[in-house]
Amino acid sequence: MELLPRSPAEFGSARYWDRFFRQRGQRPFEWYGAFPELCPVLHKYVRPRDKVLVVGCGNSELSEQMYDMGMCEDIVNIDISDAVIRQMRERSASTRPKMSYLLMDMLQMDFPDAHFQVVLDKGTLDALLTDEEEATLAKVDQMFSEISRVLQVGGRYLCVSLAQAHVLKKAVEYFSQEGWVVRVHQVASSGDKQQFVLPVFVYVMTKFRKIPGSAAQILEICPEEQDKPMRVESAERLVAAVKDRQHYALLCSQISKTPCREQVSLDLCDKESGKPRYTLHVVDSPSVKSSRDNHFAIFIIPQGRETEWLFGTEEGRRQLAASAGFVRLLTVALHREQHYEGMAGIQAELSGKVMELAPPGLPARQQVPFLSVGGDIGVRAVRHCGSSPLSGDFVVEDVRGDGTCYFRRLIFLQNRNVVQSEARLLAPTPLPVAGVSCDSGQKKRRKDKKKPSPTEPPGAIDKSYLCCEHHKAMVAGLCLLGGPDALPGELAVLVVGLGGGSLPLFVHDYFSQARVAVVEIDPSMLEVATQWFGFSQGDRMQVHVCDGLDYVAKLAAEAAPAQYDAIMFDVDSKDLTVGMSCPPPAFVEKLFLQKVKTILKPEGVFVLNLVCRDAGLKESVLAALRDVFPLLYTRSIQGEVNEILWCQAGPAGRHSPAELGTRARALEGALRQPGRPWDSSWALADMLQAVHIL
């Protein structure tokens, strides 16, 4: 039996609805949202003594259920279908004497002005506003005008809707411009199989007298999981907030039915601030054989470790999921701006939400384990928040790594999943209880300082430790200098890009005769490196605060250019739209590379940290480097996009892998001096493995 209209326009036809209800008979037709789901919202806005008008009532049981539950009794139902009005009168005549059914067009109602306290619409606006043609919009304007006319000041228009973007936008713009308060509720689902995948919403438009000349709008949204409304600044933002919730519902529906071919990522936001609180990744492992106890698990990534390869990359998460042995693993990253009450608090907060992302075939009432490293949520203490016109907002934070080691990190918040600089910490220092608020730049109230304990992060910088693998590879490139068995003597080294200062500090401390010049464009970074990362200047270490492009060009233009034994580029790009995040493209243009060559000694080495995801752009960079430097060594960093290039001006310096290993071991032996700490977790020779000559 065909009950659907042949065209959307038939939704506004009385003839169509007469035929629809005659064919359907006495069976109630609920557009969406049964009474148990709608009741909590309706109860807030419908009072027992209210006079309620239901427009486009159809044969829905909603009015009857409101009457029978004692929500209210003075209910007038109207519809354009004579067939359904006769049905409904027969159904309620003897049992609901105070409720009436009238054959009436909501576009031309016979009621006097200000006659009702509530107008209720369940799907009628959606059925009418099927397109944005001029004639359709005129009908909707007439509908809204009539609803406004029959409502008292302070009355509520409650519209149950699927909130298609054009429907919501039309309603919000119309009534907000009339000076009404507009609030959108998301209806909590019952958990049963629903007729519609998309969630149901209730628009609550409260009538106020329009104040001439006032442009103020009050627009709010109430997600299903909270009662307190959240204010939004515009109709566009309200529509976007609803769309986010619709996308989430669609995602949950899709991944509850089929495995994810690709990893799915989404943010769960804080109820108060609206800022991200948890970042979730859904990782399915097709190779894992399903059993009763391994369908689904939640993995809480310890604070501060979300940037590690295992947790911060698709390949790492895939490996984590496979080793955990679950069909679906949901990884959860915690955000630095948020406060968490331990693993138990996170589990209580997430338990309901994560089950919406459960895989198909999960047994009923299955216990879903929450996993982590070491059973806790890690330690993160924000030490400093700052902002720079060049680098944007940034934070310095102390985090606990794997085991008992603590690290200090510099993070640029425009690219918050990338550690800009990192240093290992040594001496204990008190851990702030509340940390620092990066939203305001002001310290939050904290408890009195207490004595250090073994669980608190340390404070002094371990200058012998290079946290970044690419820094280790850059230092290893210095083995190309000097003889095969000797430590290079007096060196002139230029480092472009300071960051936290660990690279120039290491060169300064371990190459005791090196004179290091550092170029840093952002004065804020010099302050951060000095205050938080143990960096200092001296006779052999000087920082020039200027643009590296200008500094190199100025030196190259001099009659007798200063020449360096080694030039190191470790400078990030502020333009995130380019497929190369390090260095900025101007630093690897051929004309500029020729200037670099001009200030490099003939036997010197130019070391470049290249981070490029664009294959075409990368090839053009390599071509420019080959044109200027005949000898190129390249070394990829495992698990990262970084690639280190060691460039020399003459092919006479070409060395076999065995010769490079010999040089690296000799250099490391010279650097390891009695009384000088050395991090034994890595070796220079290791950095020269898997080196390729281009």
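Scoring rules and cut-offs
- Residues numbered from 1 in each chain as written.
- Predicted model: local features only at pLDDT ≥ 70, side-chain atom pairs only at ≥ 80, totals over all residues.
- Heavy atoms only, no water.
- Helix = DSSP H or I, 4+ residues; strand = E, 2+ residues; numbered from the N terminus.
- Buried < 20%, exposed > 50% of the residue type's maximum accessible area, 1.4 Å probe, protein only.
- Contact = heavy atoms within 4.5 Å.
- Areas by Shrake-Rupley, 256 points an atom, 1.4 Å probe, with all protein chains shown as cover.
- Phe/Tyr/Trp six-rings, centres within 6.5 Å; stacked < 30°, edge-to-face > 60°.
- Pairing = 2+ DSSP bridges.
- pLDDT = per-residue confidence, 0-100.

**Observations concerning the overall build of the protein chain**
Part 1: Of regular secondary structure, the protein chain possesses 19 helices and 27 strands.
Part 2: Burial analysis of the protein chain (694 residues in total) assigns 52% to the buried set.
Part 3: When contacts within the protein chain are restricted to residue pairs at least 6 apart in sequence, long-range pairs at least 24 apart make up 70% of them.
Part 4: As presented, the protein chain carries roughly 32,200 Å² of accessible surface, and 51% of it is formed by carbon and sulfur atoms.

**Quick word on the packing of aromatic side chains**
Part 1: This structure, assessed with the given rule, holds 19 aromatic pairs.
Part 2: Taking the centre distance of 4.4 Å and the plane angle of 20 degrees together, the rings of Phe506 and Tyr510 count as stacked. Note that Phe506 and Tyr510 are positioned in helix α13 (residues 502-510) at a spacing of 4 residues, about one turn of the helix.
Part 3: By relative accessible area, Tyr510 is classed as buried at 3%.
Part 4: Ring pairs connect the aromatic residues Phe144, Tyr157, Tyr174, Phe175 and Trp180, which therefore count as one cluster.

**A closer look at the pairing of strand β26 (residues 643-648)**
Part 1: Within β26, 6 of the 6 residues are buried, which leaves the element mostly enclosed by the surrounding structure.
Part 2: As defined by bridge partners, strand β24 (residues 600-612) adjoins β26 across 6 bridges and the pair is classed as antiparallel. The partner of Phe606 across the bridge, within β26, is Cys647.

**Some points on the sheet that holds strand β10 (residues 264-269)**
Part 1: With respect to topology, 5 strands assemble into an open sheet ordered β10-β11-β13-β12-β14, the strand pairing being mixed. One side of each edge strand has no neighbouring strand; the edge strands of this open sheet are β10 and β14 (370-371).
Part 2: As paired elements, strand β12 (residues 296-300) and strand β13 (residues 328-334) share 5 bridges and run parallel to each other. Residue pairing in the sheet places Ile298 in a bridge with Leu330 of β13.

**Some thoughts on the confidence of the model for the protein chain**
Part 1: Of the residues in the protein chain, 87% have a pLDDT of 70 or more, and the chain-wide mean is 84.
Part 2: Note that pLDDT drops below 50 for residues 1-14; the model gives that stretch 24 contacts with residues more than four away or on any other chain.
Part 3: Here residues 432-436 is a poorly scored stretch, pLDDT under 50, and it has 16 contacts once near neighbours within four places are set aside; other chains count.

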